[in-house]
Amino acid sequence: MQDKILEVASLIRQSNYAVALTGAGISTESGIPDFRGPDGLWKKYDPFKVASIEAFMADPAGYWKRALERKLSTDAEPNKGHRALAELEKIGRLKVVITQNVDGLHQKAGCKDVIELHGTVRTAHCLECGKRYPREEVVGWVEKGELPPRCKECGGIMKSDTVLFGESLPTDAISSAMEEARKCDVMFVLGSSLVVYPAASLPDIAIQNGAKIAILNMEATEKDWIAEVVLHGKIGEILPKIVEEVKRKPR
Ligand code: NAD
C-alpha cells in the first residue's frame, strides 16, 4: 500500500492539471450510504422503483419519506477524505472536483471549484412555478408531516434538485466536466463504482487525451484496468496520507 501511496502522490506532484472525480464512496464515512458498496442502498431498494422520475411522479410523498430515511440532508459533515481533497486544492495541486454526489460536502470542506453532475440536495424547486427553496426548509415541512411538501406560493409539489434516473443531467455541468476531462493530465477517481454514465465515461475521455488515471476505492471498479495506479481501501484513511506525501516533497 505504501508504494501505491507514493506512486499516486508522485503522479499528482508531477501533474500540471490534476482533477478529481468523486462518487458516493467518499461520503460513506460521513454517514451517508452509497448505492452499490457493501452497505449500499441498492441492497435494500430497487433503484428504478425509488430513484427514478417516474417513481417520484407516481408517489412524491413516498420519495420524501425515504429521502429523510436516507439522511441525505444538509446536516452531514465532511470527513477526512473531503478535507484532504480540499487541502490538495488549497495548495494548488488540484484544479477541480467533479462529483456525482449531491450532498454538498466538498464545498462544506472548503473546495472552491466543484462541478456537480447529479445536482444537489441543498435546494428543491416547485414543479409548477419553479420557485426554489433551501432543502432544509422543505425537509422541515416534511418532518412536520407535510407529505408531499408543497410550494408556499402556488401549492405545487416540491422536487429535490437532485437528478433522478430518467432525467437529463444539467447540461452546463456535463459539458464543463467533459472539458476538464479533456484538459487534465491526471484524473484521480475516488469512491465510485464507475458504472453510472456519463460520469463513468470521464476517465475514458481523460485517457484518450493522454491523462493518467489513479483510482482509490474500497472494491474493484469497472475501470481498474485502464488506471495507472489502483488502491483498494478507505478514502478517509488513505487520502490524507497521499496529501501529506504530496506536501512533503517539492515538485
Ligand atoms: P456507487 O454506490 O455506485 O459506488 C460507491 C463506491 O464507493 C463503491 O464501489 C464502494 O465500494 C466505494 N466505497 C464506499 N465507501 C468507501 C470508502 N470509505 N472508501 C473508499 N471507497 C468506498 O456510487 P457512485 O459511483 O457515486 O454512483 C452512484 C450514484 O450515487 C451517483 O449518481 C450519485 O449521484 C449517487 N449517490 C450520491 C450520494 C451522495 O451524494 N453522497 C449517496 C448515494 C448515492
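Residues numbered from 1 in each chain as written. Predicted model: local features only at pLDDT ≥ 70, side-chain atom pairs only at ≥ 80, totals over all residues. Heavy atoms only, no water.

Engineer: Outline the packing of aromatic side chains, listing residues and values.
Structural biologist: Tallied over the entire structure, the rule returns 3 aromatic pairs. Between Tyr63 and Trp64, the aromatic rings sit 6.0 Å apart at their centres with planes inclined by 90 degrees, giving edge-to-face as the arrangement. The exposure class of Tyr63 is buried, given its relative accessible area of 10%. When its relative accessible area of 1% is taken as the criterion, Trp64 is described as buried. Three or more aromatic residues joined by ring pairs form one cluster here, namely Phe56, Tyr63 and Trp64. Between Lys131 and the ring centre of Tyr133, over which it is positioned, the NZ or CZ distance is 5.1 Å. Sitting over the ring of Trp141, Lys152 keeps its end group 3.8 Å from the ring centre. (Phe/Tyr/Trp six-rings, centres within 6.5 Å; stacked < 30°, edge-to-face > 60°. Buried < 20%, exposed > 50% of the residue type's maximum accessible area, 1.4 Å probe, protein only. Lys NZ or Arg CZ within 6 Å of the ring centre and 35° of its normal.)

Engineer: Requested: an account of the side chain of Asp103, with residues and values cited.
Structural biologist: Relative to the helices and strands, Asp103 is located in the loop between strand E2 (96–99) and helix H6 (105–109). Of the side chains with opposite charge, Arg122 lies nearest to the buried Asp103, which makes no salt bridge, at 7.9 Å. Among the polar contacts listed, one links the side chain of Asp103 to the side chain of Ser27, at a separation of 2.6 Å. Here Leu105 takes part through its backbone nitrogen, which lies 2.9 Å from a polar atom of the side chain of Asp103. (Helix = DSSP H or I, 4+ residues; strand = E, 2+ residues; numbered from the N terminus. Lys, Arg positive; Asp, Glu negative; His and termini not counted. Salt bridge = Lys/Arg side-chain N within 4 Å of Asp/Glu carboxyl O. Polar contact = N/O pair within 3.5 Å; in protein donor to acceptor, adjacent residues only side chain to side chain.)

Engineer: Which residues make up the side chain of Thr162, and what values go with them?
Structural biologist: Locating Thr162 in the fold gives a position in strand E6 (residues 158–162). Using a relative accessible area of 8% as the deciding quantity, one classes Thr162 as buried. In this structure the side chain of Thr162 is engaged in a polar contact, spanning 3.5 Å, whose partner is the side chain of Tyr63. If we skip the residues at most four places from it in the chain, Thr162 touches Tyr63, Val102, His118, Gly119, Thr120, Val121 and Glu167. (Contact = heavy atoms within 4.5 Å.)

Engineer: Pulling in residues and values, what's your account of the pattern of salt bridges?
Structural biologist: This structure, assessed with the given rule, holds 9 salt bridges. Asp161 serves as the salt-bridge partner of Arg132, at 2.7 Å between the closest nitrogen and oxygen. Residue Arg132 is found in strand E5 (residues 132–134), and its partner Asp161 is found in strand E6; the two are separated by 29 residues along the sequence. What makes Arg132 exposed here is its relative accessible area of 52%. A relative accessible area of 13% means that Asp161 is categorised as buried. Through salt bridges with shared partners, one network takes in Glu87, Glu244 and Lys247.

Engineer: Talk me through the sheet that holds E5; I want residue IDs and the actual numbers.
Structural biologist: Spatially, E5-E4-E6 is the arrangement adopted by the 3 strands of the open sheet, whose pairing is antiparallel. Two strands bound the open sheet, and with one partner strand each, they are E5 and E6. Taking each pair of neighbouring strands and ignoring which way they run, the sheet shows an average axis angle of 40 degrees. Bridge analysis of strand E4 (residues 119–126) against E5 gives 3 bridges, and the strand direction is antiparallel. Bridged to Ala124 within E5 is Tyr133. Contacting E4, E5 and E6, helix H7 (residues 135–143) crosses the sheet at an angle of about 80 degrees to E5. (Pairing = 2+ DSSP bridges. Axes fitted to C-alpha atoms, helices over the stretch in contact; angles between N-to-C directions.)

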